[in-house]
Amino acid sequence: MAKTWLITGTSSGFGKALATIVAQQPDTNLVATARKTQDLDYLDQFTAAHVEKVLVDVTQPADVERAVQVAQQKFGTVDVLVNNAGLGYFATIEESDMQQVRHMFEVNVFGLAAMTKAVLPLMRAQKAGVIVNLSSALALTTLPTMGFYSATKYAVEGYTDTLRQEVADLGIQVMAVEPSGARTDWSGRSSAKAVPTLADYQQFSESVEHVADSVHDAPGAPQKIAQAIYDQVTQADPLPQHLPLGQFAYEGGLKNLTQLVTEIKSRQDISLATDD
Ligand SMILES: NC(=O)c1ccc[n+]([C@@H]2O[C@H](COP(=O)([O-])OP(=O)(O)OC[C@H]3O[C@@H](n4cnc5c(N)ncnc54)[C@H](OP(=O)(O)O)[C@@H]3O)[C@@H](O)[C@H]2O)c1
């Protein structure tokens, strides 16, 4: 039976690359979502019978519901949900504008949670499904000026790890993907930045200023990242719980997590002395 994918944020970057792969597969349906109609025109080259375009802003509950309804009416269900839509924000913690931060949380965390909540009843009913959440290498390790972005992606990790445990017996598999910096629109039009004002953080202001330019140097290839996600979803059994992609995610993530293990072990006596 044909599998149906629902992907958010397919106007550019990873989402567009993955939608392009999925749309070419036999026995596969695609519900591709974006915020603007014209951003989905590239899908017109594929068989319309297997591709449905839906306008979705993940912060709008009515949009989220409609996407799932369309998937159900047109294709019967959703087998694979890819929560890809996301934003960035570049600023030191102290210089961050909390309205921008809250908006980023609305998209990266609550939008992802809303999509997931809307799809779960279908997956529970069929006792099968895959949920892929786009996290980040910056949820495995951290960098100055990326604190609140990391906070959204660490939230995605905690959410994803918990969800996995809750739905494992229902036949639903859940994977967090942690890409390194990649050449998408993310650090440009999909990210905001604060105007650095405090001299004490001057050492970071240059990187914030030129963040949009850094995309050209990013090693991550969106096409390869999308292919890796597609291959894991369709071939890996069981699905990995985490998929770090790129050298920074792999090496930076391992270094940070190894340091964490070392630090936790070094205080074993204190940790174990606080229970009665
Ligand atoms: N590129 C990287 O270096 C990198 C690394 C690790 C993780 N990630 C994560 O990967 C995911 C995809 O990003 P990308 O790199 O492919 O960047 P991108 O090319 O900028 O794509 C971001 C997508 O998110 C969509 N989006 C933003 N706000 C939305 C909203 N409120 N509702 C629905 N869609 C919304 C954008 O739609 P519009 O076109 O309408 O704005 C766009 O389709 C994000 O979650 C990002 O945090 C990126």
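Structural data are supplied above this passage.
All values derive from a computational prediction rather than experimental measurement.

Engineer: I'm lost on the overall build of the protein in this one. Help?
Structural biologist: Counting secondary structure elements, the protein contains eight helices and nine strands. Radius of gyration (C-alpha) of the protein: 19 Å, near the 19 Å computed for a compact globule of 276 residues. Dimensions of the protein, computed from the C-alpha atoms along their principal axes, are close to 55 × 50 × 30 Å. Residues counted as buried form 47% of the 276 residues belonging to the protein.

Engineer: Honestly, the nonpolar core in this entry has me stumped. Any pointers?
Structural biologist: Soluble globular proteins tend to pack their nonpolar side chains together in the buried interior. Within the largest apolar cluster, 38 residues are counted, with the highest numbers of intra-cluster contacts made by Leu6, Val78, Leu81, Met115 and Ile131. Per element, the largest residue contribution to this core is nine residues, and it comes from helix 3 (residues 98-126). With near-sequence residues (within four places) excluded, valine 78 lies in contact with Thr4, Leu6, Ala71, Val119, Leu122, Met123 and Gln126.

Engineer: Help me understand the site of the ligand, please; the structure alone is not making it clear to me.
Structural biologist: Neighbouring the ligand are 29 residues, the closest being Ser11, Ser12, Tyr149, Thr184 and Ser190. Isolated, the ligand exposes 900 Å² of accessible area, and the fraction of that covered by the protein chains is 98%. Listed by contribution, the elements that provide at least two residues to the shell around the ligand are helix 1 (13-23) and helix 4 (147-167). Residue classes in the shell around the ligand are distributed as 11 nonpolar, 12 polar and six charged.

Engineer: I'm lost on helix 2 (residues 61-75) in this one. Help?
Structural biologist: Because an α-helix packs 3.6 residues into every turn, residues spaced three or four apart end up facing the same way. Its 15 residues place the ends of helix 2 21 Å apart at the C-alpha level, agreeing with the 21 Å of an ideal helix rising 1.5 Å per residue. Against the buried residues of helix 2 lie strand 1 (3-7), strand 2 (28-34), strand 3 (51-55) and helix 3. Positive backbone phi, approximately 95°, marks glycine 76, located one or two places after helix 2.

Engineer: Please clarify how the environment of glutamate 52 should be interpreted in this entry.
Structural biologist: Position of glutamate 52 relative to the elements: it lies in strand 3. Overall, the relative accessible area of 21% leaves glutamate 52 in the partly exposed class. Through-space distance from the C-alpha of glutamate 52 to that of aspartate 79 is 15 Å; in sequence the pair is 27 residues apart. For glutamate 52, the side chain forms a polar contact with the side chain of lysine 74, separated by 3.0 Å.

Engineer: Can you walk me through the packing of aromatic side chains in this structure?
Structural biologist: Note on aromatic pairs: each is described by the distance of the centres and the angle between the planes. If you walk through the whole model with that rule in mind, you get three aromatic pairs. Each ring, one from tyrosine 149 and one from tryptophan 186, has its centre 4.8 Å from the other, and the planes form 50°; the classification is tilted. Taken together, the residues span a long stretch of sequence, with tyrosine 149 in helix 4 and tryptophan 186 in the loop between strand 7 (172-179) and strand 8 (191-193) at a distance of 37 residues. You can call tyrosine 149 buried: its relative accessible area is 6%. The partly exposed category is assigned to tryptophan 186, whose relative accessible area is 24%. Connected via pairs of aromatic rings, a cluster forms that spans Phe90, Tyr149 and Trp186. Against the face of tyrosine 42 rests lysine 16, its NZ or CZ located 4.8 Å from the ring centre.

Engineer: Would you mind going over the packing of helix 1 against helix 6 (residues 222-235) with me for this structure?
Structural biologist: Between helix 1 and helix 6, whose axes approach to 8 Å, the crossing angle comes to 55°. If you check the angle between helix 1 and helix 6, you find them oblique. Taken as a pair, helix 1 and helix 6 cross one another with a handedness that is right-handed. Of the residues in helix 6, those touching helix 1 at Gly13, Phe14, Ala17, Leu18, Ile21 and Val22 are Pro222, Gln223, Ile225, Ala226, Gln227, Ile229 and Tyr230. By residue class, the composition of the contact of helix 1 with helix 6 is 10 nonpolar, three polar and no charged.

Engineer: Please explain the environment of glutamine 73 as it appears in this structure.
Structural biologist: Along the chain, the position of glutamine 73 falls in helix 2. What makes glutamine 73 exposed here is its relative accessible area of 68%. Linking glutamine 73 and proline 121, residues 48 residues apart in sequence, is a C-alpha distance of 15 Å.

Engineer: What should I look at first to understand the side chain of glutamate 178 in this one?
Structural biologist: Take glutamate 178: it is sitting in strand 7. Of note is the side chain of glutamate 178, whose polar atom sits 2.7 Å from the side chain of histidine 242. Sequence-distant contacts of glutamate 178, defined by excluding residues within four places in its chain, comprise Ser135, Ser136, Ala137, Leu140, Glu157, His242, Leu243, Pro244, Leu245 and Ala249.

Engineer: Mind showing me how you'd approach the pairing of strand 7 here?
Structural biologist: Side-chain direction in a regular strand flips from residue to residue, so the side chains alternate between the two faces of the sheet. Of all eight residues in strand 7, seven are buried; the element is thus mostly enclosed. Relative to strand 7, strand 6 (residues 129-134) runs parallel, the two sharing six bridges. When the bridges of strand 7 are listed, glycine 129 appears paired with isoleucine 172. In the classification by handedness, the crossover that spans strand 6, the intervening helix 4 and the parallel strand 7 is right-handed. Pairing between strand 7 and strand 9 (residues 242-245): four bridges, direction parallel. Counterpart to valine 177 in the pairing with strand 9 is leucine 243.

Rules and cut-offs
- Residues numbered from 1 in each chain as written.
- Predicted model: local features only at pLDDT ≥ 70, side-chain atom pairs only at ≥ 80, totals over all residues.
- Heavy atoms only, no water.
- Helix = DSSP H or I, 4+ residues; strand = E, 2+ residues; numbered from the N terminus.
- Rg over C-alpha atoms; globule rule 2.2 N^0.38 Å.
- Buried < 20%, exposed > 50% of the residue type's maximum accessible area, 1.4 Å probe, protein only.
- Core = buried A, V, L, I, M, F, W, Y, C linked by side-chain atoms within 4.5 Å.
- Contact = heavy atoms within 4.5 Å.
- Near = heavy atom within 4 Å.
- Areas by Shrake-Rupley, 256 points an atom, 1.4 Å probe, with all protein chains shown as cover.
- Nonpolar A, V, L, I, M, F, W, Y, C, P; charged D, E, K, R; others polar.
- Expected span 1.5 Å × (residues − 1).
- Polar contact = N/O pair within 3.5 Å; in protein donor to acceptor, adjacent residues only side chain to side chain.
- Phe/Tyr/Trp six-rings, centres within 6.5 Å; stacked < 30°, edge-to-face > 60°.
- Lys NZ or Arg CZ within 6 Å of the ring centre and 35° of its normal.
- Axes fitted to C-alpha atoms, helices over the stretch in contact; angles between N-to-C directions.
- Parallel < 35°, antiparallel > 145°, perpendicular 65-115°, else oblique.
- Left-handed = near helix turned anticlockwise from the far one by under 90°.
- Pairing = 2+ DSSP bridges.
- Right-handed = clockwise from strand over helix to strand, strands pointing away.

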